[in-house]
Amino acid sequence: MAKTIIIGGGIVGLMNAYKLMKKNHQVTVIDKSNITDGASFGNAGLVSPFEEPPLSRPGIISQTLKLMLKGESPLIINGVSKKLLTWLWLFAKNATEQRVEKTLILFEKYGHITMECYEELANEFDFDFHHDGVVMIYTDLEDFEKDIKECENHPHKEAWDFEKTKKVAPCINDKVVGSIYLDRNARLNPKLLMENLVTFLKSKGVEFIYNTRILNFEYKNGKAVKAFSKDRDFEADNFIISTGSDTSLSKKCGNDLMLIPAKGYSITFKMDDSLKPKIALLFKDQFIGFIPRNDSVRLTSKLEIGSYKEGYDAKSFQSIIDTLKPFVVDFKMNEPSYWSGFRPLTPNDIPLFGRDKRYSNIIHANGLGWLGITFAPAVADIVSDLIDKNLKNEQSDDVLLFSGFYQGC
Ligand SMILES: Cc1cc2nc3c(=O)[nH]c(=O)nc-3n(C[C@H](O)[C@H](O)[C@H](O)COP(=O)(O)OP(=O)(O)OC[C@H]3O[C@@H](n4cnc5c(N)ncnc54)[C@H](O)[C@@H]3O)c2cc1C
């Protein structure tokens, strides 16, 4: 039986383990941490492949500058490097109608694969999965009036007035002008998903090795023969690198992936049930997610690029609360817990995956940005097929269509 080592046990690594396990492969997941925290745990948990455009889109730059001037911009740029400047240039270059249209078609195609996978997993274990849509909340009338035009005759977008919005979002106040309901997206509790997926994979024979940072590979005849940490070697037939925003290992094998860490924050708390949102809310103008879960709610926001610094300060969380406050009634945030993490963000929201150009048994699976929970199952489906069927990148239509190695900037 072929053996695959997956380096990085975030959602992308675990989904790859799941898909390979189902294809009867022998799988080991190695992680530098004990897989209890990180980007895949503290995020909003939206499974939102449908009807939401990529970050890089026409108008994004003027819109962000407008918010920056008002002091409300979720985007913060810290420091400058050559890579960041290249990334920003590619981001701007991709903000075209044509690219957005293409990306939405890809999101639609691969979104269905993802949704099927989560429906399947929900039969195996609980992760607070609800396929009940997302409500985009508007606080700017001009924006709302412009966007509701797209709802006319759209099968999956419905414009709601304030009263209808208030029924699912009892916490909003009358500064909200209305909302657009996207009925095909879903939500889940990412921590529960990660914890229960690890347990499930272990029960199916997947091996986990914790607290082990892979430093590099040893190569022979154009292939990696082993991966090594500071004190151990690991041999396998295939190696998947799914290390999220930490791209140092990919760089070591000569592939400096065009992605940057984009820091985001979340606050998880309990609140009065009568004010708790009934489905996931996205305050569109404020870039704030407000997501109900069985036992709590989670606020998420911010996109800080250019900084690799972990941790957080109280100011960042306060600014999220201050940005939301004008649009909600007063409510108490009970037992709050605070978190920050990094999205592995490509300039055009297209993930980077497929076989390494130089070492054919190294497969990259990265760059899922703000959509890692959303597209991890679809990317894992494609990557596990490459391994299972021993395909080259060029023999997989899905790699050619959906990987940034081919649909790049
Ligand atoms: C505030 C916020 C909100 C978000 N909301 C959503 C959302 O609603 N929906 C959505 O789809 N996405 C969302 N995301 C994005 C999503 O969280 C990420 O895309 C996803 O978690 C990335 O998963 P990953 O497996 O690529 O990386 P990670 O989860 O970062 O996993 C990488 C793993 O690799 C390990 N590792 C790194 N280097 C090594 C090495 N050399 N050796 C061994 N191990 C290594 C790390 O320890 C880590 O466990 C959000 C992100 C943030 C920050």
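To be clear, the structure that these remarks concern was listed above.
What counts and what doesn't
Residues numbered from 1 in each chain as written. Predicted model: local features only at pLDDT ≥ 70, side-chain atom pairs only at ≥ 80, totals over all residues. Heavy atoms only, no water. Pairing = 2+ DSSP bridges. Helix = DSSP H or I, 4+ residues; strand = E, 2+ residues; numbered from the N terminus. Axes fitted to C-alpha atoms, helices over the stretch in contact; angles between N-to-C directions. Expected span 1.5 Å × (residues − 1). Buried < 20%, exposed > 50% of the residue type's maximum accessible area, 1.4 Å probe, protein only. Near = heavy atom within 4 Å. Polar contact = N/O pair within 3.5 Å; in protein donor to acceptor, adjacent residues only side chain to side chain. Areas by Shrake-Rupley, 256 points an atom, 1.4 Å probe, with all protein chains shown as cover. Nonpolar A, V, L, I, M, F, W, Y, C, P; charged D, E, K, R; others polar. Core = buried A, V, L, I, M, F, W, Y, C linked by side-chain atoms within 4.5 Å. Contact = heavy atoms within 4.5 Å. Right-handed = clockwise from strand over helix to strand, strands pointing away. Salt bridge = Lys/Arg side-chain N within 4 Å of Asp/Glu carboxyl O.

1. Structural notes on the sheet that holds strand S13 (residues 238-241)
Read from one edge to the other, the open sheet built from six strands follows the order S9-S2-S1-S13-S20-S19, with strand pairing classed as mixed. Pairing within the sheet leaves two strands with one partner each, and these edge strands are strand S9 (207-209) and strand S19 (352-355). Direction aside, neighbouring strands of the sheet carry axes that sit 20° apart on average. With three bridges connecting them, strand S2 (residues 26-30) and S9 associate as parallel partners.

2. Some points on helix H11 (residues 372-388)
Under the 1.5 Å per step criterion, the end-to-end length of H11 is 23 Å for 17 residues, consistent within 8% with the ideal 24 Å. Judged by how many residues are buried, H11 sits mostly within the fold: 14 of 17 residues are covered. Just past H11, the residue Asn 390 takes up positive phi, approximately 55°.

3. Side note on the site of the ligand
Surrounding the ligand, one finds 35 residues, the nearest of these being Asp 31, Ser 40, Leu 46, Gly 369 and Thr 374. The contact in question runs from a nitrogen atom of the ligand to an N or O atom on the backbone of Leu 46, over 2.7 Å. Within the complex, 94% of the 1000 Å² of free accessible area of the ligand lies under protein. Those elements giving two or more residues to the shell around the ligand turn out to be helix H1 (11-22), helix H2 (39-42), strand S14 (260-270), strand S18 (334-345) and H11. Of the residues forming the shell around the ligand, the biggest block, four residues, is contributed by S18. When grouped by side-chain class, the residues that make up the shell around the ligand number 14 nonpolar, 16 polar and five charged.

4. A few points about the nonpolar core
With 54 residues, the main nonpolar core has Ile 11, Met 15, Tyr 118, Leu 197, Leu 201 and Phe 402 as its most contacted residues. Ranked by residues supplied to this core, first place goes to H11 with ten residues. Apart from the residues within four sequence positions on either side, Ile 11 is in contact with Ser 40, Tyr 118, Leu 193, Met 194, Leu 197, Gly 372, Ile 373 and Ala 376. One finds Ala 169, Cys 171, Phe 290 and Ile 320 within the second-largest nonpolar core, a separate group that totals 28 residues.

5. Focus on the environment of Glu 304
Relative to the elements of secondary structure, Glu 304 occurs in strand S17 (residues 297-305). Excluding residues within four positions of it along the chain, Glu 304 makes contact with Ile 76, Asn 78, Pro 261, Ala 262, Lys 263, Tyr 265 and Ser 316. Polar contacts involving the side chain of Glu 304 include one to the side chain of Tyr 265, which spans 3.0 Å.

6. Considerations on the pairing of strand S1 (residues 3-7)
Across the five residues that make up S1, a large majority, four, are buried. As paired elements, S1 and S2 share five bridges and run parallel to each other. Paired with Ile 7 across the two strands is Ile 30, which belongs to S2. In this fold, S1 hands off to H1, which returns the chain to S2; that crossover is right-handed.

7. Structural notes on the pattern of salt bridges
In this structure the tally under the stated criterion is 16 salt bridges. Two residues, Lys 389 and Asp 385, come together in a salt bridge whose shortest N-O distance is 3.1 Å. What makes Asp 385 partly exposed here is its relative accessible area of 22%. Within this structure, Lys 23, Asp 385 and Lys 389 form a network of salt bridges that share partners.

8. Side note on the side chain of Ser 229
With respect to the secondary-structure elements, Ser 229 resides in the loop between strand S11 (223-228) and strand S12 (233-235). Relative accessible area serves as the criterion here: at 6%, Ser 229 is assigned to the buried category. In contact with Ser 229, other than residues within four places in its own chain, are Thr 212, Arg 213, Ile 214, Leu 215 and Phe 234.

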